[in-house]
Amino acid sequence: MLLTAAREAIVTTCKELSRAGLVVGTAGNVSVRDGDLVAVTPSGVRYAGLTAEQVGVHRLDGSPAEALFPPSSELPLHLAVYAARPEARAVVHTHSPAATALSALVDEVPAVHYYTELFGGPPRVARYATYGSEELARNVVHALRDRTGCLMGNHGAVAVGHDLATAHEKSAYLEWLCDVYLRAASAGTPRLLSQAQLAAVAAKLTR
Ligand SMILES: [Zn+2]
(Lines give C-alpha, C1' and ligand atoms only; values in the text may rest on other atoms or scores of the structure.)
Protein backbone atom coordinates (compact mmCIF):
# COMPACT_ATOMS: atom_id res chain seq x y z
CA MET A 1 0.00 0.00 0.00
CA LEU A 2 1.37 3.41 -0.98
CA LEU A 3 2.03 5.97 1.78
CA THR A 4 0.83 3.60 4.52
CA ALA A 5 2.04 5.73 7.44
CA ALA A 6 0.51 8.92 6.00
CA ARG A 7 -2.83 7.20 5.39
CA GLU A 8 -2.90 5.83 8.92
CA ALA A 9 -2.01 9.26 10.33
CA ILE A 10 -4.86 10.83 8.32
CA VAL A 11 -7.34 8.34 9.82
CA THR A 12 -6.15 9.15 13.35
CA THR A 13 -6.31 12.89 12.65
CA CYS A 14 -9.84 12.71 11.19
CA LYS A 15 -11.09 10.84 14.25
CA GLU A 16 -9.48 13.41 16.56
CA LEU A 17 -10.94 16.31 14.54
CA SER A 18 -14.35 14.65 14.78
CA ARG A 19 -14.03 14.07 18.55
CA ALA A 20 -12.93 17.68 19.07
CA GLY A 21 -15.99 18.96 17.16
CA LEU A 22 -13.89 20.57 14.42
CA VAL A 23 -15.68 18.52 11.75
CA VAL A 24 -19.24 17.19 11.63
CA GLY A 25 -20.33 14.12 9.64
CA THR A 26 -18.26 13.86 6.47
CA ALA A 27 -17.40 17.57 6.39
CA GLY A 28 -13.79 18.71 6.15
CA ASN A 29 -10.84 16.89 4.63
CA VAL A 30 -7.22 16.16 5.34
CA SER A 31 -4.23 15.48 3.07
CA VAL A 32 -0.54 14.70 3.32
CA ARG A 33 1.98 15.21 0.54
CA ASP A 34 4.94 12.90 0.05
CA GLY A 35 6.99 13.73 -3.02
CA ASP A 36 4.73 13.59 -6.08
CA LEU A 37 1.91 11.83 -4.23
CA VAL A 38 -0.89 13.13 -2.03
CA ALA A 39 -2.90 10.99 0.40
CA VAL A 40 -6.34 12.55 0.90
CA THR A 41 -9.58 11.64 2.65
CA PRO A 42 -12.23 10.08 0.40
CA SER A 43 -15.50 11.75 -0.51
CA GLY A 44 -18.55 10.96 1.62
CA VAL A 45 -17.04 8.36 3.99
CA ARG A 46 -17.85 8.97 7.66
CA TYR A 47 -14.76 9.39 9.84
CA ALA A 48 -16.00 7.01 12.55
CA GLY A 49 -15.37 3.95 10.37
CA LEU A 50 -12.62 5.36 8.16
CA THR A 51 -9.70 3.00 7.42
CA ALA A 52 -6.26 3.64 5.94
CA GLU A 53 -7.22 1.65 2.81
CA GLN A 54 -10.15 4.04 2.19
CA VAL A 55 -7.81 7.05 2.23
CA GLY A 56 -6.83 7.40 -1.43
CA VAL A 57 -3.49 8.35 -2.94
CA HIS A 58 -3.47 10.74 -5.90
CA ARG A 59 -0.81 12.33 -8.04
CA LEU A 60 -0.21 16.07 -8.07
CA ASP A 61 -2.32 16.35 -11.27
CA GLY A 62 -5.26 14.81 -9.36
CA SER A 63 -5.17 11.42 -11.10
CA PRO A 64 -5.59 8.40 -8.81
CA ALA A 65 -2.49 6.38 -7.93
CA GLU A 66 -4.25 4.05 -5.46
CA ALA A 67 -7.83 4.89 -4.48
CA LEU A 68 -10.90 2.80 -3.66
CA PHE A 69 -13.20 5.85 -3.57
CA PRO A 70 -13.39 9.22 -5.29
CA PRO A 71 -11.25 11.78 -3.43
CA SER A 72 -12.63 14.59 -1.30
CA SER A 73 -14.43 17.16 -3.43
CA GLU A 74 -11.84 19.69 -2.18
CA LEU A 75 -8.88 17.83 -3.71
CA PRO A 76 -8.36 20.81 -6.12
CA LEU A 77 -7.89 23.06 -3.06
CA HIS A 78 -5.31 20.72 -1.51
CA LEU A 79 -3.42 20.38 -4.82
CA ALA A 80 -3.44 24.15 -5.36
CA VAL A 81 -1.94 24.69 -1.90
CA TYR A 82 0.82 22.13 -2.57
CA ALA A 83 1.54 23.73 -5.95
CA ALA A 84 1.83 27.21 -4.43
CA ARG A 85 3.57 26.18 -1.21
CA PRO A 86 6.37 23.67 -1.83
CA GLU A 87 7.19 23.58 1.91
CA ALA A 88 3.67 22.40 2.80
CA ARG A 89 3.38 18.70 3.60
CA ALA A 90 -0.13 18.63 5.09
CA VAL A 91 -3.43 20.48 4.70
CA VAL A 92 -6.34 20.30 7.15
CA HIS A 93 -9.69 21.76 6.10
CA THR A 94 -12.50 21.95 8.67
CA HIS A 95 -15.95 23.45 9.06
CA SER A 96 -15.27 24.23 12.71
CA PRO A 97 -18.07 26.37 14.15
CA ALA A 98 -16.28 29.50 15.41
CA ALA A 99 -14.07 29.81 12.32
CA THR A 100 -17.05 29.30 10.03
CA ALA A 101 -19.16 31.82 11.94
CA LEU A 102 -16.39 34.43 11.91
CA SER A 103 -15.77 33.82 8.17
CA ALA A 104 -19.20 35.34 7.57
CA LEU A 105 -18.37 38.52 9.51
CA VAL A 106 -14.84 39.77 8.74
CA ASP A 107 -12.13 39.90 6.05
CA GLU A 108 -9.39 38.77 8.44
CA VAL A 109 -9.34 37.38 11.96
CA PRO A 110 -8.92 40.37 14.30
CA ALA A 111 -5.71 40.25 16.36
CA VAL A 112 -7.40 39.60 19.70
CA HIS A 113 -4.59 37.31 20.96
CA TYR A 114 -0.89 36.86 20.30
CA TYR A 115 -1.58 33.41 18.79
CA THR A 116 -2.33 35.47 15.68
CA GLU A 117 1.41 35.20 15.01
CA LEU A 118 1.27 31.38 14.91
CA PHE A 119 -0.13 31.94 11.41
CA GLY A 120 2.42 34.56 10.33
CA GLY A 121 -0.08 37.37 10.99
CA PRO A 122 -3.85 37.74 11.08
CA PRO A 123 -5.42 34.88 9.11
CA ARG A 124 -7.32 36.25 6.10
CA VAL A 125 -10.75 35.19 4.90
CA ALA A 126 -10.72 33.72 1.38
CA ARG A 127 -13.49 35.02 -0.87
CA TYR A 128 -16.47 32.72 -1.15
CA ALA A 129 -16.74 30.38 -4.13
CA THR A 130 -18.62 27.10 -4.65
CA TYR A 131 -17.11 24.18 -2.75
CA GLY A 132 -14.81 21.97 -4.79
CA SER A 133 -14.27 24.65 -7.45
CA GLU A 134 -10.96 25.80 -8.92
CA GLU A 135 -12.07 29.35 -8.07
CA LEU A 136 -12.29 28.43 -4.38
CA ALA A 137 -8.86 26.79 -4.59
CA ARG A 138 -7.41 30.00 -6.10
CA ASN A 139 -9.10 32.16 -3.45
CA VAL A 140 -7.67 30.02 -0.65
CA VAL A 141 -4.13 30.10 -2.08
CA HIS A 142 -4.43 33.90 -2.33
CA ALA A 143 -5.62 34.23 1.28
CA LEU A 144 -2.83 31.92 2.50
CA ARG A 145 0.05 33.98 1.11
CA ASP A 146 2.65 34.43 3.90
CA ARG A 147 0.27 32.64 6.27
CA THR A 148 -0.17 29.09 7.54
CA GLY A 149 -3.92 29.37 8.06
CA CYS A 150 -6.95 31.13 6.64
CA LEU A 151 -10.71 31.14 6.83
CA MET A 152 -12.91 30.46 3.81
CA GLY A 153 -15.78 32.91 3.53
CA ASN A 154 -19.10 31.37 4.64
CA HIS A 155 -17.49 27.95 4.52
CA GLY A 156 -14.75 27.00 7.03
CA ALA A 157 -11.01 27.08 7.65
CA VAL A 158 -7.73 25.76 6.26
CA ALA A 159 -4.43 25.13 8.05
CA VAL A 160 -1.17 24.04 6.45
CA GLY A 161 1.98 22.63 7.99
CA HIS A 162 5.33 21.04 7.27
CA ASP A 163 3.79 17.87 8.70
CA LEU A 164 0.32 16.63 9.60
CA ALA A 165 0.70 17.10 13.37
CA THR A 166 1.50 20.79 12.80
CA ALA A 167 -1.40 21.38 10.39
CA HIS A 168 -3.75 19.61 12.80
CA GLU A 169 -2.53 21.68 15.75
CA LYS A 170 -2.86 24.91 13.75
CA SER A 171 -6.45 24.09 12.83
CA ALA A 172 -7.23 23.76 16.56
CA TYR A 173 -5.45 27.05 17.39
CA LEU A 174 -7.29 28.81 14.54
CA GLU A 175 -10.64 27.62 15.85
CA TRP A 176 -9.66 28.73 19.37
CA LEU A 177 -8.60 32.18 18.12
CA CYS A 178 -11.90 32.66 16.27
CA ASP A 179 -13.86 31.47 19.28
CA VAL A 180 -12.08 33.90 21.62
CA TYR A 181 -12.77 36.80 19.26
CA LEU A 182 -16.45 35.89 18.95
CA ARG A 183 -16.81 35.63 22.75
CA ALA A 184 -15.07 38.96 23.31
CA ALA A 185 -17.05 40.67 20.53
CA SER A 186 -20.32 39.33 21.91
CA ALA A 187 -19.62 41.10 25.23
CA GLY A 188 -18.22 44.38 23.96
CA THR A 189 -15.66 45.89 21.62
CA PRO A 190 -12.45 43.87 21.93
CA ARG A 191 -9.10 45.65 22.31
CA LEU A 192 -6.85 44.42 19.52
CA LEU A 193 -3.07 43.98 19.50
CA SER A 194 -1.10 46.62 17.61
CA GLN A 195 1.32 45.95 14.76
CA ALA A 196 4.22 46.60 17.17
CA GLN A 197 2.85 44.16 19.75
CA LEU A 198 2.44 41.49 17.06
CA ALA A 199 5.93 42.18 15.69
CA ALA A 200 7.41 41.62 19.17
CA VAL A 201 5.67 38.22 19.32
CA ALA A 202 6.81 37.32 15.80
CA ALA A 203 10.42 38.09 16.76
CA LYS A 204 10.13 35.86 19.83
CA LEU A 205 8.56 32.97 17.88
CA THR A 206 11.30 32.94 15.24
CA ARG A 207 14.16 33.07 17.74
ZN1 LIG B 1 -15.48 22.43 3.10
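Whatever comes next refers back to the structure up there.
Residues numbered from 1 in each chain as written. Predicted model: local features only at pLDDT ≥ 70, side-chain atom pairs only at ≥ 80, totals over all residues. Heavy atoms only, no water.

## Thoughts on the overall build of the protein chain
Step number 1: The helix and strand inventory of the protein chain stands at six helices and eight strands.
Step number 2: When the helices and strands of the protein chain are listed from N to C terminus, the series reads α-β-β-β-β-α-β-α-β-α-β-β-α-α.
Step number 3: Whereas a compact globule of 207 residues would reach a radius of gyration of roughly 17 Å, the protein chain reaches 17 Å, a difference of no more than 12%.
Step number 4: The principal-axis extent of the C-alpha atoms belonging to the protein chain is close to 50 × 35 × 30 Å. (Helix = DSSP H or I, 4+ residues; strand = E, 2+ residues; numbered from the N terminus. Rg over C-alpha atoms; globule rule 2.2 N^0.38 Å.)

## Observations concerning the environment of glycine 161
Step number 1: Residue position: glycine 161 is located in strand S8 (residues 156-161).
Step number 2: In this structure the C-alpha to C-alpha distance between glycine 161 and arginine 85, which are 76 residues apart in sequence, comes to 10.0 Å.
Step number 3: Beyond its immediate sequence surroundings of up to four residues, glycine 161 is in contact with Glu87, Ala88, Arg89, Ala90, Thr166 and Ala167. (Contact = heavy atoms within 4.5 Å.)

## With respect to the state of the cysteines
Step number 1: Summed over all chains, the structure comprises zero disulfides.
Step number 2: Unpaired in terms of disulfides, cysteine 14 finds its nearest cysteine sulfur in cysteine 150, a separation of 18 Å.
Step number 3: In this structure cysteine 178 is not part of a disulfide, and its nearest cysteine sulfur, from cysteine 150, lies 11 Å away. (Disulfide = S-S within 2.5 Å.)

## A look at unusual backbone geometry
Step number 1: In this model, leucine 3 sits at a positive phi of 45°, which is unusual for a non-glycine residue.
Step number 2: Relative to the helices and strands, leucine 3 is located in the segment before helix H1 (4-19).
Step number 3: One non-glycine residue, aspartate 146, lies in the positive phi region at around 60°.
Step number 4: Along the chain, the position of aspartate 146 falls in the loop between helix H4 (134-143) and strand S7 (149-152).

## Describing the packing of aromatic side chains
The description of two aromatic rings rests on the distance between their centres and on the angle between their planes.
Step number 1: What the rule picks out here adds up to three aromatic pairs.
Step number 2: A ring pair is formed by tyrosine 114 and tyrosine 115, whose centres lie 5.2 Å apart and whose planes are at 80°; its orientation type is edge-to-face.
Step number 3: Residue class for tyrosine 114 comes out partly exposed when judged on its relative accessible area of 45%.
Step number 4: With a centroid separation of 5.2 Å and an interplanar angle of 55°, the aromatic rings of tyrosine 115 and tryptophan 176 are classed as tilted. Of this pair, tyrosine 115 sits in the loop between helix H3 (97-103) and strand S6 (125-126) while tryptophan 176 sits in helix H5 (residues 164-187); the two residues are 61 residues apart in sequence, bridging distant segments of the chain.
Step number 5: For tyrosine 115, a relative accessible area of 21% puts it in the partly exposed group.
Step number 6: We classify tryptophan 176 as partly exposed; its relative accessible area is 36%.
Step number 7: A network of ring pairs unites the aromatic residues Tyr114, Tyr115, Tyr173 and Trp176 as a single cluster. (Phe/Tyr/Trp six-rings, centres within 6.5 Å; stacked < 30°, edge-to-face > 60°. Buried < 20%, exposed > 50% of the residue type's maximum accessible area, 1.4 Å probe, protein only.)

## Examining the packing of helix H2 (residues 75-84) against H4
Step number 1: The interhelical angle for the contact between H2 and H4, taken along N-to-C directions, is 40°, at an axis separation of 8 Å. Relative to H4, the element H2 is oriented oblique. As H2 runs across H4, the sense of the crossing is right-handed. Taking contact as the criterion, the partners of Pro76, Leu77, Ala80, Val81 and Ala84 in H2 are, on H4, Glu134, Ala137, Val140 and Val141.
Step number 2: Across the contact of H2 with H4, the residue classes break down as eight nonpolar, no polar and one charged. (Axes fitted to C-alpha atoms, helices over the stretch in contact; angles between N-to-C directions. Parallel < 35°, antiparallel > 145°, perpendicular 65-115°, else oblique. Left-handed = near helix turned anticlockwise from the far one by under 90°. Nonpolar A, V, L, I, M, F, W, Y, C, P; charged D, E, K, R; others polar.)

## A look at the sheet that holds strand S5 (residues 90-94)
Sheets are built from strands that pair by backbone hydrogen bonding, the pairs being arranged parallel or antiparallel.
Step number 1: The mixed open sheet is built from eight strands, whose spatial order is S4-S3-S2-S1-S5-S8-S7-S6. Both edges of this open sheet fall to strand S4 (64-66) and S6, since each of them pairs with a single strand only.
Step number 2: By the bridge criterion, four bridges tie S7 to S8 in an arrangement that is antiparallel. The residue of S8 that forms the bridge with methionine 152 is glycine 156.
Step number 3: H5 rests against strand S1 (29-34), S5, S7 and S8 of the sheet, and its axis sits at about 140° to S8. (Pairing = 2+ DSSP bridges.)

## Remarks on the side chain of arginine 85
Step number 1: Inspection of the secondary structure puts arginine 85 in the loop between H2 and S5.
Step number 2: Residue arginine 85 is classed as buried on the basis of its relative accessible area, which comes to 14%.
Step number 3: Apart from residues lying up to four places away in sequence, arginine 85 is in contact with Leu144, Arg145, Asp146, Arg147, Thr148 and Val160.

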